[in-house]
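Structural overview
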Amino acid sequence: MIRAGRRRTAGRSKRIAALASLPVLPLAWFVALQEHPPWMPAAYLGYLLVVIVVPGTLFWRRLTGGVGWFSADIVLGTAFGLAVEALVYPIGMLFKMPFAALLMPALAFGVWRALPPRKLPERPTPWWSVAGAMVAVGVAAAWFVRVGSRLIPLDGSEALRPNSDAPHNLALAGELTHHFPPRVPHADGGWLTSHWAAYDHIASVHWITSVPLDVLTHRMVPFAWILLTVLGAAAVGMVLTGRAVAAPIAAGLVVAGGDLVAWPWAVSDRVFADGPFSLGQLTNPPQAFSTVLLLPLIAVTALLLRRSTAKTRGEVFRLYVAAGVLIAALALTKATALPVYATGLAVAWIYLTVRAGRLNLRALVLGVVVAAAYALTFFFVLRGAASSVRFDPGATFDSLADRMGGGNAVPVIAAVVVVGWVMPVVGALLIERRLARDPMVVFLLAAFVAAVLGASLLADRGDTQLFFVRTGFMFGVLLATWGLGSLERRQFWIAAVALAIGAAAIYWGRYRSDRSCTSSNCFGQGLVVALVIAVIGIGVFGLVLRGSRRTWAVIAVAVLLGTTVSPTVASIRKFASPPLTSYESIAPGGIEAARFIRRNSGSDDRIATNLHCHQARASHCQTGSYWIAGYAERRVLVQGWSYQTRVDDTYPAGVQGPYWDQEQLQLNDEVFTNPTRQLIETLRTKYDVQWLLLDDRVSAPPKNLDKLTELRFQLGTVRVYQIYPPPPETPFPTRTPSPTGSPTQSPSFPTGTPSSSTTTSTFPTTPQSPGQTQPTQPFPTGSLPTNTVPTDPLPPQQTTTPPLKSP
């Protein structure tokens, strides 16, 4: 009885220890977002719990039966809830119901009641496993405070100097907030032919919580997805290995592991840092969201391809439904995700078919679902737009060599980069032989190799082929987790020491490398030094232990994995400085002006502007300006149009082309140089333009523009004008005499033409915000146009009222 009491006490202590580590998650959330008012992170967290976590977990457990750990089901269910939301929100927008995500709890309850329960044998998650994952969460939060939250400034003078990425993401988020199907918001001349599902979550949260769109796009949502990536990798690691120890290993590799490309000669090039904490995870929401969705899809794939437990047809069908939802959401999110997954699935199908001697139907059905989702996305989302990716082996390494000075260093650069990319795969060498026949090993390995080949053999003007590696990196993390998680308990301390040896070796190699080197000898010097130290460390440590072959393998693999840690930390430190331009790509006063338009306009109002270049008055115009559509959350007739590929200060003129509608562009520009009543009427009636935003840095305002329109806002170098319809030719109706010869009523104004006293009382006021001045001229300046009478500044028939008020 005493022993039983002690066991109960020990078990209770372990549960208490596990629960004690859970507050790290909300604490990390609020600490990392401390720069914002507390209600904002609280509102987002409440939305996540009520709309995503609880419904998503109910969906996940009813459809899959669970994965064996309730803690893992919660994490994977949260990611599944995001996938459901990504499909529900656009359907709601088609019916003018932006709050459609609020139906998810009721829908989940219906599914929970309708489907019979089915549970896999569950095991409690040990307290040390939960605590280890929470340590990784704390590291992620500390990294976000130190680096992630500083990469994209939200206010101050630095907020006016972003590259093209941040405003472009904000513009797409604003477009999905108010319109579906989406069009190009910064050049409203065609349908949006890019993946947009990542912005569904941002738009839905914006509607329901009223958290500002820029705070969601650049702060809260990226941080939430980083945390889900850390915890999702931990959950999938447990599914693959069947061991709880995989959770802290996977989470630790996500926050600390990386590749070898963050050397002094490459760290300055932000597109070549490909770990989960690279800049791409923060500046590219589709990439970050695709990683979150990929993790539960890998878990479902494991449940389908493995035949460890017998399943009924209904259970298999429900697994296909879960996989179909994730595949559909992934197809709408990122173009590079499904090809990598599909390659791994195809190889696993071949392996299973050959091994069993008969056609493997489960993998085949999954492949058909992937092909159907990809085809539908190509024709109905991308609308058949041709991809700019081309087959050009080695172009990726040529591009890096050009940035580093060119010359004969290309082979060395290619070798270092490829070796760094494939480094996580060495973890597969530690997987036990009896487990090596698992189809998921083949799946992960094939997908990872496909990602590296895609980045090495394909090319794009904006280096978008690198997203293949960023997708494949998670497959490498899971392989390394599987290998390290297969160790015996006494071997873990050996692996820990070996990891430290590898980190020290690569750190010393980096330190010895000259930061200004431009020759191939200098490129290879640091790597050679690091590898020599690593080999010496492996030999000395192995001789000291005098272990078996298995021990030597553990030491060698762990040292190699450790070499990816130090460059990652170095790249994080380098990226602590925001990638800002040396000039103000956003006009002074422009953010306030765009927000003024948002407050005083309907969601269908359209803006015309004279600003098209990323840098005003630049000798070479980089047509990558998108901030008006982002901050105003309104479509712009023509602002920037070159985001067919990446555009910022480092890209040549070759990535830009002429605007596809030159007549429209000429009409747009002429209103800011030589406006006429007929020209303004054409903009208003043909193109539905209600607002003009003029930047004085581009051109001075024409003298008669304020006579033909109304100046509503002025701050910094920006002026905002509003366009009204012309007044009627006969403003006062003819009086009808009464039989007695006196008028029956006093003269009345037509609708929308009140007297001057009415005009004064109904003129919309501009909300005062910190650091903002009121419009300098609240009424039209200059003399009125000929044959006009004072008109209502906001004629009722011209004010576009959205079906629902924007948050």
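This structure is a prediction, so every number in the text was calculated from the model and none was measured.

Below, the discussion takes up the overall build of the chain. On a plain count of helices and strands, the chain comes out with 29 helices and 7 strands. Looking at the chain as a whole, 57% of its 807 residues qualify as buried. Restricting to contacts in the chain with at least 6 residues of sequence separation, those with at least 24 account for 79%. A total accessible area of about 33,300 Å² is found for the chain, and carbon and sulfur atoms account for 63% of it.

Of the two faces of strand S3 (residues 606-609), the one carrying Arg-606 and Ala-608 and the one carrying Ile-607 and Thr-609 are both buried. Where the polypeptide runs from S3 across helix H25 (residues 627-632) and back to strand S4 (residues 635-636), its parallel neighbour, the crossover connection is right-handed.

With that settled, consider the environment of Leu-435. Within the fold, Leu-435 resides in the loop between helix H17 (410-422) and helix H18 (439-457). Linking Leu-435 and Ser-486, residues 51 residues apart in sequence, is a C-alpha distance of 9.4 Å. In this structure, Leu-435 is in contact with Val-441, Trp-482 and Ser-486, ignoring residues within four places of it in sequence.

Looking at the chain as a whole, the pLDDT averages 82, with 79% of positions reaching at least 70. Across residues 265-272, where pLDDT falls below 50, the model places 34 contacts with residues more than four positions away in sequence or in other chains.

Turning to the sheet that holds S4, a few remarks are in order. Strand order in the open sheet formed by 5 strands is S4-S3-S5-S7-S6, with mixed pairing between adjacent strands. In the strand order of this sheet, the two ends are held by S4 and strand S6 (710-715), each with one partner. Sheet topology places S3 next to S4; 2 bridges connect them, and they run parallel. Within S4, the residue paired with Ile-607 across the bridge is Val-636.

Attention now goes to a nonpolar patch on the surface. On the surface, a cluster of nonpolar side chains totalling about 540 Å² of accessible area is made up of Ile-91, Leu-94, Phe-95, Met-97 and Leu-103. Note that Ile-91 resides in helix H4 (residues 70-94).

This part is about the pattern of salt bridges. Tallying each qualifying case throughout the model produces 14 salt bridges. Notably, a salt bridge pairs Asp-188 with Arg-183, separated by 3.1 Å at the nearest N-O pair. We classify Asp-188 as buried; its relative accessible area is 4%. Glu-633 is paired through a salt bridge with Arg-598; the nearest N and O atoms lie 3.4 Å apart. Note that Glu-633 is positioned in the loop between H25 and S4 and Arg-598 in helix H24 (residues 590-599), a separation of 35 residues in sequence. Taking relative accessible area as the criterion, Glu-633 reaches 2% and is therefore assigned buried. Each of Arg-61, Asp-73 and Glu-122 takes part in salt bridges that share partners, so that together they form one network.

The next thing to look at is the packing of aromatic side chains. Per the counting criterion, the structure on display carries 17 aromatic pairs. Judged by centre distance (5.7 Å) and plane angle (70°), the rings of Phe-99 and Trp-207 are edge-to-face. Here the residue Phe-99 occupies a position in the loop between H4 and helix H5 (104-114), and Trp-207 occupies one in helix H8 (residues 198-209), the gap between them amounting to 108 residues. For Phe-99, a relative accessible area of 34% puts it in the partly exposed group.

Running from N to C, helix H14 (residues 337-356) and H18 point in directions that differ by 140°, and their axes come no closer than 7 Å. When the interaxial angle is binned, H14 and H18 end up oblique. Seen from above, H14 lies across H18 with right-handed handedness. Seen from H14, the contacting residues are Val-340, Tyr-341, Thr-343, Gly-344, Leu-345, Val-347, Ala-348, Tyr-351 and Leu-352; seen from H18, they are Pro-439, Val-442, Phe-443, Ala-446, Ala-447, Ala-450 and Ala-451. Residues of the contact of H14 with H18, tallied by class, amount to 14 nonpolar, 2 polar and no charged.

Here we come to helix H9 (residues 213-241). With 29 residues, H9 extends 40 Å between its outermost C-alpha atoms, agreeing within 8% with the 42 Å of an ideal straight helix rising 1.5 Å per residue. Met-220 marks where H9 bends most, by close to 35°; the proline Pro-222 follows one to four residues later. In terms of burial, H9 is largely enclosed, as 29 of its 29 residues are buried. Gly-242 sits one or two residues past H9 and shows a positive phi near 75°.

In the contact formed by helix H6 (residues 127-146) and H9, the axes pass within 10 Å of each other and the chain directions differ by 150°. It follows from the interaxial angle that H6 and H9 lie roughly antiparallel. When the axes of H6 and H9 are compared, the crossing they make is right-handed. The segment H6 lies against H9, with Ala-133, Met-134, Ala-136, Val-137, Ala-140, Ala-141, Trp-143 and Phe-144 engaging Arg-219, Phe-223, Ile-226, Leu-227, Val-230 and Leu-231. Counted by class, the contact of H6 with H9 contains 13 nonpolar, no polar and 1 charged residues.

Within the secondary structure, Phe-317 is located in helix H13 (residues 313-331). Counting along the chain gives 253 residues from Phe-317 to Thr-64, while the straight-line C-alpha distance between them is 9.6 Å.

Definitions and limits used
Throughout this description, residue numbers start from 1 for each chain and increase along the sequence as written. This being a predicted model, a pLDDT of at least 70 is required before a residue's local features are given, and a value of 80 or more before pairs of side-chain atoms are given or counted; all residues contribute to the totals for chains, interfaces and linings. Each side-chain value is derived from all of the structure's non-hydrogen atoms; neither hydrogens nor water enter the calculation. Numbered from the N terminus, helices here are DSSP runs of H or I no shorter than four residues, and strands are runs of E no shorter than two. Any residue under 20% of the maximum accessible area for its type is buried, any over 50% is exposed, and the rest in between are partly exposed; the area is computed with a 1.4 Å probe on protein chains only. By definition, residues are in contact when any of their heavy atoms lie within 4.5 Å. All accessible areas in this document rest on Shrake-Rupley with a 1.4 Å probe, and a residue is counted as covered only by the protein chains that are shown. For crossovers, right-handed means that the path from the first strand over the helix to the second runs clockwise, given strands pointing away from the viewer. Confidence scores per residue from the predictor, reported as pLDDT, run from 0 to 100. Note on pairing: two strands pair once DSSP finds at least 2 bridges between them. Residues form patches when they are more than 30% accessible in relative terms and have no salt bridge. Like charges link within 9 Å. Nonpolar side chains (Val, Leu, Ile, Met, Phe, Trp, Tyr) link within 5 Å. By convention in these notes, a salt bridge is any Lys or Arg side-chain nitrogen within 4 Å of a carboxyl oxygen on Asp or Glu. The pairing test for Phe, Tyr and Trp rings, Trp by its six-membered ring, is centres within 6.5 Å, and the orientation test on the planes gives stacked under 30 degrees, edge-to-face over 60, and tilted for anything in between. With axes taken as lines fitted to C-alpha atoms, and helix axes fitted only over the stretch in contact, angles between N-to-C directions fall between 0 and 180 degrees. Comment on the angle field: the value is read as roughly parallel under 35 degrees, roughly antiparallel over 145, roughly perpendicular from 65 to 115, and oblique elsewhere. What makes a crossing left-handed is the near helix being turned counterclockwise from the far one by less than a right angle; a clockwise turn instead makes it right-handed. In this classification, Asp, Glu, Lys and Arg are treated as charged, Ala, Val, Leu, Ile, Met, Phe, Trp, Tyr, Cys and Pro as nonpolar, and every other residue, Gly included, as polar. Working rule for helices: expected span equals 1.5 Å times residues minus one. Bending is quantified residue by residue as the angle between axes fitted to the seven-residue window ending at that residue and the seven-residue window starting at it.

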